[in-house]
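Here are the chains, one letter per residue:
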Protein chains: 2
Amino acid sequence: MSQPTEQSPERSSGRAVPTSADVARLAGVSRATVSYVLNNTSAVRISEPTRQRVREAAEELGYVPHAAARSLRAGHSRMVLIPSSHVPVGPLYSRFFNDFQWALRRLDYTVVQYGSVGLEAEEAARAWAELRPVAVVSLGEVELTGQGVEILKRSGARAVITLGTQRVEGTHALVMDQGRVGEVATEHLLETGRRRIGVVVPEEPGLGMFSGPRLDGARRAAERAGATVVPLPLRYEEESADALAARWRELGLDGVFAYNDEYAMLLMRSLQDAGISVPDETAVVGADDLLLGRLLRPRLSTVRIDMVLGRELAELVDHAVRETDAPPVSRDLLDSRIVRRESS
Amino acid sequence: MSQPTEQSPERSSGRAVPTSADVARLAGVSRATVSYVLNNTSAVRISEPTRQRVREAAEELGYVPHAAARSLRAGHSRMVLIPSSHVPVGPLYSRFFNDFQWALRRLDYTVVQYGSVGLEAEEAARAWAELRPVAVVSLGEVELTGQGVEILKRSGARAVITLGTQRVEGTHALVMDQGRVGEVATEHLLETGRRRIGVVVPEEPGLGMFSGPRLDGARRAAERAGATVVPLPLRYEEESADALAARWRELGLDGVFAYNDEYAMLLMRSLQDAGISVPDETAVVGADDLLLGRLLRPRLSTVRIDMVLGRELAELVDHAVRETDAPPVSRDLLDSRIVRRESS
DNA sequence: TTGAAAGCGATACCAT
DNA sequence: ATGGTATCGCTTTCAA
């Protein structure tokens, strides 16, 4: 016989946490029957009166099944773990993310975000693996190494999906081709006759995943047309923008793609304060089509990004989980197009 | 003897998921010893050579402990569950939230966000309770009823903390006194001689938790001074702002507190387009001190909100978990002050 | 210093 | 139609 364990049997509400055994006792049936009733097991037939008694007992005790015990027994969970980002996100992404979670829940998955700020890639992967998720969907802001993927798969994860700007070995890579954003913006500037094009590169950490590819895309477009691209490091602060505006004329740029609408607004304001006329002297293009881009004058031209539907991605996750053998897919999720207003 | 279970023993990597038994076998020791070594159990002394062998075996197999099994055995988890919001958040909140999570992890908690979009309050509480979190910290955007709190506590949650605008029975209520924001803004407008004050109330759902108290605070301040407050419903769209601006003169307002900087910018632009001069004819005050408030002209006056440190809140959670008996605290977490610029 | 074994809660066989 | 029971992975007591 073992001794009573060290845990306190009482809880704040005064009673111990009810288990299925408690429900069984109260209903005068076995734990097996409780399980059958509460899970609507179709393989077994339980009489209606018994079902009633069990349900009432569960209700009375405030019984909630213990997910850990269940998944331990089952040998798997239906948890989808999403390493959560530390970057404040815009309304676009936010909407997508909600749809995604909602769709996953409809497919009967438990969606959990795991905040991993300040953890090393491998360390983080181990922490996630402890929860034995059936799938991990990394939304790109968190590092995920081949090593980390291996840890997750060894621990039973049936699918690892990265939604980012580049592929990671062993994962389903959903590519958000940020390069297209820079390409579309630059093509537009070229069409309006600009030849020396600045590309704002935010200095804030955590944005490199987006800004790098956007710059590359701009370079590609410019190269095709024999135009020039100049990277412009910028912090999201007035001082930084003012400093950039102060040396604008010596840069000799006639167009600028400003990473996104917020940086574009910031820069445009500084340019105007420095006496540089937009769009006559320099055209400005942002990205994300935020409402605020319409508030400043001239109204900001922008690249509108249409993201994949959350539901689509959820179905892809579901598919990846069920067909572990299927080869990793690699799809592009973005569609970008220019919205021309007055700043270009 | 029971039959082999229904679960597949193989995983995608080809091998089965390693358990502590596998580690024990490879190291040539018992499972108990593995547990002692891997958890650095101080009550037992294991020889250094044995420790080595165990650690190497664990490393080689890529062993990661099974959190569910562990907490099942332990009778409790160290999971802090945070129902995640569906509202896009600003940089201020985002920073606080990261700090908070980081601090909790330092205190050895596992922080997990649970997306509950589209779930009823009680339904959501049950879903959370299945994970048997030791604490639930609701950041205000999600509904949490007394009923829900009861479910959580019955399921073993030692602390339920709400960080919101109003108290919920049975919880530690960390109050973010949004009323102060409206009060501070309105007091400022009164000091500059304004007497008929509009208060923007966003029509977007999910913002009621903030906008209601802010309006109430404005009313309190106005009442003390014998001034008038007029609520102004507004959608975050240009058309809505234009419509409001079109009937501005008949409203006869000489000051407006616009909920936050974004709504303030939106409204100010429409006012200017309608030929109403800011601040001469109408003063405008926002809130949140966003950078974008400095981009439009005149520069936007705002209410700067200082939020509690994430670390403080984490310590409070830890305390609540350890001292279940302690009475629910109720603290104010915000400090608001006016930042006067040119729009007022 | 190490091992054997009980048991956390839920489930799904098999037998009744 | 129900009940008994072995089992999932891990920790910890007790015995050796």
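Per an unreviewed UniProt entry, chain A carries the name DNA-binding LacI/PurR family transcriptional regulator and comes from Streptomyces nymphaeiformis.

Chemist: Explain the overall build of chain A to me, please; I cannot follow it from the model alone.
Modeler: Counting its regular elements, chain A contains 13 helices and 12 strands. Expected size for 344 residues packed as a compact globule is a radius of gyration near 20 Å; at 27 Å, chain A overshoots this value by more than 25%. Principal axes of the C-alpha set define a box for chain A whose edges measure 85 × 45 × 40 Å. Out of the 344 residues in chain A, the part that is buried amounts to 52%. Considering only contacts in chain A between residues 6 or more positions apart, those separated by 24 or more positions represent 73%. Taken as two groups, the 42 positive and 47 negative side-chain charges of chain A have centres that lie 6 Å from each other.

Chemist: Just to check I follow, could you spell out the protein's contact with DNA strand C for this structure?
Modeler: Not every one of the 29 residues close to DNA strand C is listed here, only the nearest: A:Ser20, A:Tyr36, A:Arg73, B:Ser30 and B:Thr50. In DNA strand C, the atoms that sit within 4 Å of the protein are 62% sugar and phosphate, with bases accounting for the remainder. Between DNA strand C and A:Ser35 there is a distance of 3.2 Å, counted from a phosphate oxygen to a side-chain nitrogen or oxygen. Mapped onto the surface near DNA strand C, the elements with two or more residues apiece are α2 (31-38) and α4 (67-74) of chain A together with α2 (31-38) and α4 (67-74) of chain B. Among the elements that line the surface near DNA strand C, the one with the most residues is α2(A), at 4 residues. Of the residues belonging to the surface near DNA strand C, the class tally is 12 nonpolar, 12 polar and 5 charged.

Chemist: When you look at the side chain of B:Arg105 in this model, what are you seeing that I'm missing?
Modeler: In this fold, B:Arg105 is placed in helix α5 (residues 91-106). One buried charged residue, B:Arg105, remains without a salt bridge, the closest side chain of opposite sign being A:Glu123 at 7.1 Å. The residues touching B:Arg105, leaving out its near neighbours within four places in the chain, are A:Gly115, A:Ser116, A:Val117, A:Gly118 and A:Leu119.

Chemist: Looking at this model, I keep getting lost on the relation of the copies chain A and chain B. Mind explaining?
Modeler: Think of it as a corkscrew move, a rotation about one axis and a shift along it, taking one chain copy to the other. Expressed as a screw operation, the relation of chain A to chain B combines 0.0 Å of axial shift with a rotation of 180°, fitting to an RMSD of 0.1 Å. In short, the pair behaves as if placed about a two-fold rotation axis. Here 100% of the interface residues in chain A have copies in chain B that are interface residues too; the copies meet face to matching face.

Chemist: Quick question: what am I supposed to make of the UniProt feature "domain: HTH lacI-type" (unreviewed entry) in chain A here?
Modeler: UniProt records the feature "domain: HTH lacI-type" (unreviewed entry) for residues 18-74 of chain A in the present numbering. As a span, residues 18-74 of chain A carries 67% helix and 0% strand, and end to end its C-alpha atoms are 21 Å apart.

Chemist: Please clarify how the packing of aromatic side chains should be interpreted in this entry.
Modeler: The tally for this structure, following the rule as stated, stands at 8 aromatic pairs over all chains. Ring pairs connect the aromatic residues A:Tyr93, A:Phe96, A:Phe97 and A:Phe100, which therefore count as one cluster. One cation-aromatic arrangement involves A:Arg214 over A:Tyr259; the distance from NZ or CZ to the ring centre is 4.9 Å. Its guanidinium or amino end placed over the ring of B:Tyr109, B:Arg78 lies 4.0 Å from that ring's centre, counting from NZ or CZ.

Chemist: Honestly, the domain arrangement of chain A in this entry has me stumped. Any pointers?
Modeler: Where interface size is quoted, it is often the accessible area lost as the parts come together. Looking at chain A, the domain boundaries give domain 1 (9-65), domain 2 (77-175 + 308-334) and domain 3 (178-307). A C-alpha centroid distance of 62 Å is found between domain 1 of chain A and domain 3 of chain A.

Chemist: I tried to follow the side chain of A:Thr186 on my own but got confused; where do I start?
Modeler: Within the secondary structure, A:Thr186 sits in helix α8 (residues 178-191). Ignoring any residue separated from it by four or fewer positions in sequence, one finds A:Thr186 in contact with A:Ile197, A:Ala218, A:Ala221 and A:Ala222.

Chemist: Can you walk me through the pairing of strand β10 (residues 301-307) of chain B in this structure?
Modeler: The side chains of a regular strand alternate, first on one face of the sheet and then on the other. All names here are of chain B. Burial analysis of β10 places 5 of its 7 residues in the buried class, which makes it a mostly covered element. Here strand β9 (residues 283-287) runs beside β10; their pairing, made up of 3 bridges, is parallel. The residue of β10 that forms the bridge with Ala-287 is Val-303. Bridging between β10 and strand β12 (residues 334-339) involves 6 bridges; their strand directions are antiparallel. The residue of β12 that forms the bridge with Thr-302 is Val-339.

Calculation notes
- Residues numbered from 1 in each chain as written.
- Chains lettered and ligands numbered in written order.
- Predicted model: local features only at pLDDT ≥ 70, side-chain atom pairs only at ≥ 80, totals over all residues.
- Heavy atoms only, no water.
- Helix = DSSP H or I, 4+ residues; strand = E, 2+ residues; numbered from the N terminus.
- Rg over C-alpha atoms; globule rule 2.2 N^0.38 Å.
- Buried < 20%, exposed > 50% of the residue type's maximum accessible area, 1.4 Å probe, protein only.
- Contact = heavy atoms within 4.5 Å.
- Lys, Arg positive; Asp, Glu negative; His and termini not counted.
- Charge placed at Lys NZ, Arg CZ, Asp CG, Glu CD.
- Near = heavy atom within 4 Å.
- Polar contact = N/O pair within 3.5 Å; in protein donor to acceptor, adjacent residues only side chain to side chain.
- Nonpolar A, V, L, I, M, F, W, Y, C, P; charged D, E, K, R; others polar.
- Salt bridge = Lys/Arg side-chain N within 4 Å of Asp/Glu carboxyl O.
- Least-squares fit on C-alpha atoms with pLDDT ≥ 70 in both.
- UniProt positions renumbered as here; feature names shortened; annotations may be inferred.
- Phe/Tyr/Trp six-rings, centres within 6.5 Å; stacked < 30°, edge-to-face > 60°.
- Lys NZ or Arg CZ within 6 Å of the ring centre and 35° of its normal.
- Domains from an automatic or database assignment.
- Pairing = 2+ DSSP bridges.

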